[in-house]
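Single-letter residue listing:
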Amino acid sequence: MTAFCVMKLLCQATRNENRYAKRFFGALLTQTPQKRVFSPFWMVVPDPDPRKSTVFGLTQPFCTAEKSHTEPKRKAAFGSVGRRIPYRILHVINQDGESLGNMHRAEALKLMDQHDLKLVLLRENAEPPVYRLMTGQQIHEEQLKRAEKKKASPKPGVVQKELSFSSAIAKNDLETKTKQIAQWIEKKYHVKVTIRQAKDSNTDMFMLFDQILDNVSEKATYLSKPKVTREGVSTCILRHMSDKELKAYQKMEKQKNSTVKKDENEDLKSNELHQ
């Protein structure tokens, strides 16, 4: 009888244990995985020798979330990298644009110090990465060129129209082109104007650009100022003025007209006195 009671109690305990285990592990399985952050902890493991003990610890908290390795790498701004060069072997170009071949970074830094120059990263994805030795003036000029190029490139959503003609263009044709530019500017398009120097023409292309701008100056201004792109060819880009620029232009024109009117009145008074 006693043995039967003991067996019954053991079976009941086993059933209870299985039920509680299923309830516990079932709840864990149905939970959505969450990011868990564990704080730093210290654990002391006792040693048989009471004078010794081993200490384990985490110096930083850790997280169960997976780290993303696909974050886009920001493009570094063009300029001197100083002495922070993460690559051992570099391909170096001197300040005149001539290749000096591959060399250890220590040798490149030595050249930089000897000639009082600065190292600039040109192509990081090349094998090995390409660096150039440049003066401060060269770096500044290159930064200005890149800024001008970035400024001149049309922004997403902005329409850019192009117009090209010869410096020997007839007056009537130039007026027609200017009217077309004014219509595009009114629609807030960017307008790229290209002028080719005619063989037998002595017309100054930059004066033509200024003439076009004068005719549309109430709404337009230079996005990219006139410049020579190659021999015999010059370009500029016009854009619509911003509201702030328009207000400043109108204020300036008003002051100019007021000054002219004042001068005319003074001339009239002077003439009357002389008469």
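Bear in mind the structure is a predicted one, so any value in this text is a computation, not a measurement.

## Side note on the sheet that holds strand β6 (residues 99-104)
One key point about sheets: their strands pair by backbone hydrogen bonds, in either a parallel or an antiparallel sense. With mixed pairing, 4 strands are arranged side by side in an open sheet as β6-β5-β8-β7. The sheet is open, and its two borders are formed by β6 and β7 (118-123), each paired with just one other strand. Neighbour to neighbour, the strand axes of the sheet diverge by 35° on average, direction disregarded. Summarising the sheet, strand β5 (residues 89-93) and β6 pair through 5 bridges and their orientation is antiparallel. Residue H91 lies in a different strand from β6, and its bridge partner there is N102.

## Let's talk about the side chain of T235
Within the secondary structure, T235 sits in strand β12 (residues 233-240). T235 sits in the buried class, given a relative accessible area of 9%. Every residue in contact with T235, bar those within four places of it in the chain, is listed here: K192, V193, T194, F209, K225, P226, K227 and T229.

## Thoughts on unusual backbone geometry
Cis geometry marks the peptide bond from E127 to P128, where omega comes out at -5°. Mapping P128 onto the fold places it in the loop between β7 and β8 (130-134). Phi at D116 takes a positive value of approximately 55°, unusual for a residue other than glycine. Position of D116 relative to the elements: it lies in the loop between α2 (105-114) and β7. Given a relative accessible area of 69%, D116 falls into the exposed group. With a phi angle near 65°, K188 is a residue other than glycine that sits in the positive phi range. Topologically, K188 is positioned in the loop between α4 (171-186) and β10 (190-196).

## Brief notes about the packing of aromatic side chains
Here the structure, examined in full by the defined rule, presents 1 aromatic pair. Note on F206 and F209: the rings are 6.3 Å apart at their centroids and 70° apart in plane angle, and the pair reads as edge-to-face. Of this pair, F206 and F209 both sit in helix α5 (residues 205-215), 3 residues apart, roughly one helical turn. Overall, the relative accessible area of 32% leaves F206 in the partly exposed class.

## Let's talk about α2
Along α2, the residues that are buried comprise A108, L109, L111 and M112. Each buried residue of α2 sits inside an arc of 160° when the element is viewed along its axis, so together they form one side. Exposed side of α2, more than 90 degrees from the buried face: K110 and Q114 are the residues found there. The inward-facing, buried residues of α2 abut β5, β6, β7 and β8. Phi for D116, located one or two positions after α2, is positive at around 55°.

Criteria and cut-off values
- Residues numbered from 1 in each chain as written.
- Predicted model: local features only at pLDDT ≥ 70, side-chain atom pairs only at ≥ 80, totals over all residues.
- Heavy atoms only, no water.
- Pairing = 2+ DSSP bridges.
- Helix = DSSP H or I, 4+ residues; strand = E, 2+ residues; numbered from the N terminus.
- Axes fitted to C-alpha atoms, helices over the stretch in contact; angles between N-to-C directions.
- Buried < 20%, exposed > 50% of the residue type's maximum accessible area, 1.4 Å probe, protein only.
- Contact = heavy atoms within 4.5 Å.
- Phe/Tyr/Trp six-rings, centres within 6.5 Å; stacked < 30°, edge-to-face > 60°.
- Arc of directions from axis to C-beta.

As far as function goes, none of this settles anything; it's purely spatial.
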